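Close look at the chain arrangement
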Amino acid sequence: MSASDKPRPAGRPGWRQQTELVRGGQVRGPFDETAEALYLTSGYVYGSAEEAEAAFKQEIDRFVYSRYGNPTVGMFEDRLRRLEGAEECRATASGMAAVFASLICQLKAGDRVVASRALFGSCEFIIAQILPRFGIETVLIDGTDLTAWEQALAPGAACVFLETPSNPTLEVIDLAAVVELAHAAGARVIVDNVFASPVLQKPLALGADIVVYSATKHIDGQGRCMGGAILASKAFVDEHLVPLMRHTGPSMSPFNAWVLVKGLETLSLRMAAHCDNAVKVARYLEGRGGIRRVLYPSLESHPQRALAQRQMTGGGSIVAIELEGGKSTAFRFLNALRLVDISNNLGDAKSLITHPATTTHQRLTPESRAELGITDGLLRLSVGLEDADDLIEDLEQALTTSGVTAIAAQ
Ligand SMILES: *Cc1c(COP(=O)(O)O)cnc(C)c1O
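Bringing the domain arrangement of the protein into the picture now. Interface size is commonly expressed as the accessible surface area that is lost when the partners come together. Here the protein is partitioned into domain 1 (69-262) and domain 2 (267-401). Relative to domain 2, the C-alpha centre of domain 1 lies at a distance of 24 Å. Every contact between the two is made by 34 residues of domain 1 and, on the other side, 39 residues of domain 2. Summed over both partners, the interface of domain 1 with domain 2 buries about 2900 Å², with 61% contributed by carbon and sulfur atoms. Linking domain 1 to domain 2 there are three salt bridges.

Structural data, given as structure tokens:
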């Protein structure tokens, strides 16, 4: 065992998910504290020079430096690992650090990466702009089209990267089918599972090799701090990820891990409440009429509803809507909201809304946006934990104020 690894903490075989979320991974210190302790330390001391030598030779299992491992970060990693059903987890400073580390730790010049096109803006930037600079060939395709995957994977690939449901248009990709095609082509599959959260979708159980998170989103869930995580097999983590992380330093701060480990305690309760609220809001928006599109994975009108129901246990917290009248109506509507905040974050207890074409996806060309369905009238609403009726009242008054007339459903 390497010195970056932590002692295996609490958790018993047979604990159910909610118990693991509250107690999994906790290691109590010498003061028998109730809550997880915050070990705000960068280094560790040794009882003797011999002990330090043994630690560096990896002959003994102990913490040596917080870039490699920290007890509070270890508790967060172990709790998330249990929730995901993964052999190993490594926490990172942000979601993007997790995405980049998961790719770069295993790729080299000459490799090929196939990715779905509907990605979080920075993920798209890594795949389309950064990786090719290092001689890695990258191909972006329509992730909902299995024939496109088959064709793109035909020459072989080292790695597949995808996000489902996608940001911001909530497209759903068939994980089991893509995994089968990718494995046949010799590729490892990385799934960005941020929108679904580890509660609603388990990509590893569907055959994926690596799952990445922005813990900044639902895992924190209260808009306080940045974080990310990578979950995979022990073989992958030991061979590829640990060497990269130790020497390049994308590690999570102990303070953030302490916030996030407490976030996990309430994650499944919050996700259930997010889903309930999001369904209510989506149904109201669809029933109200006057809106060109309402996108939410568990709505009857979602083109991939059956697939979403097969691989997710809930629709998630994000609803996308497209207003007639493009940017000017969308902006009037945003500016008329009184409760829902304009913000590009998501997965927060507070409901947040953004106009992807001018914020998260403004860097893309108009053609790429059109290809992804990111029109000037599209808005991404992250439904929070307020009372759904207050949210609906706010949305209704803002729609009316901005001139979006209701058309009663037939
Ligand atoms: C936010 C987000 C990321 C990036 O995470 P950060 O914590 O902001 O670095 C990656 N993927 C998806 C789908 C996201 O929503």
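After that view, the rundown keeps rolling.
Taken as a whole and assessed by the stated rule, the structure comprises 23 salt bridges. The residue Arg79 makes a salt bridge to Glu265 at a minimum N-O spacing of 3.4 Å. Taken together, the residues span a long stretch of sequence, with Arg79 in helix α3 (residues 71-84) and Glu265 in helix α10 (residues 254-265) at a distance of 186 residues. When sorted by exposure, Arg79 lands in the same class as Glu265, which is buried. A salt bridge links Glu322 to Arg292, with the shortest nitrogen-to-oxygen separation between them at 3.2 Å. Taken together, the residues Glu322 in strand β9 (residues 318-322) and Arg292 in the loop between α11 (267-288) and β8 (293-295) connect sequence positions 30 residues apart. Taking the relative accessible area as the measure of exposure, Glu322 reaches 5% and is therefore buried.

What counts, and where the lines are drawn
Residues numbered from 1 in each chain as written. Predicted model: local features only at pLDDT ≥ 70, side-chain atom pairs only at ≥ 80, totals over all residues. Heavy atoms only, no water. Domains from an automatic or database assignment. Contact = heavy atoms within 4.5 Å. Buried area = accessible area lost by both parts, 1.4 Å probe. Salt bridge = Lys/Arg side-chain N within 4 Å of Asp/Glu carboxyl O. Helix = DSSP H or I, 4+ residues; strand = E, 2+ residues; numbered from the N terminus. Buried < 20%, exposed > 50% of the residue type's maximum accessible area, 1.4 Å probe, protein only.

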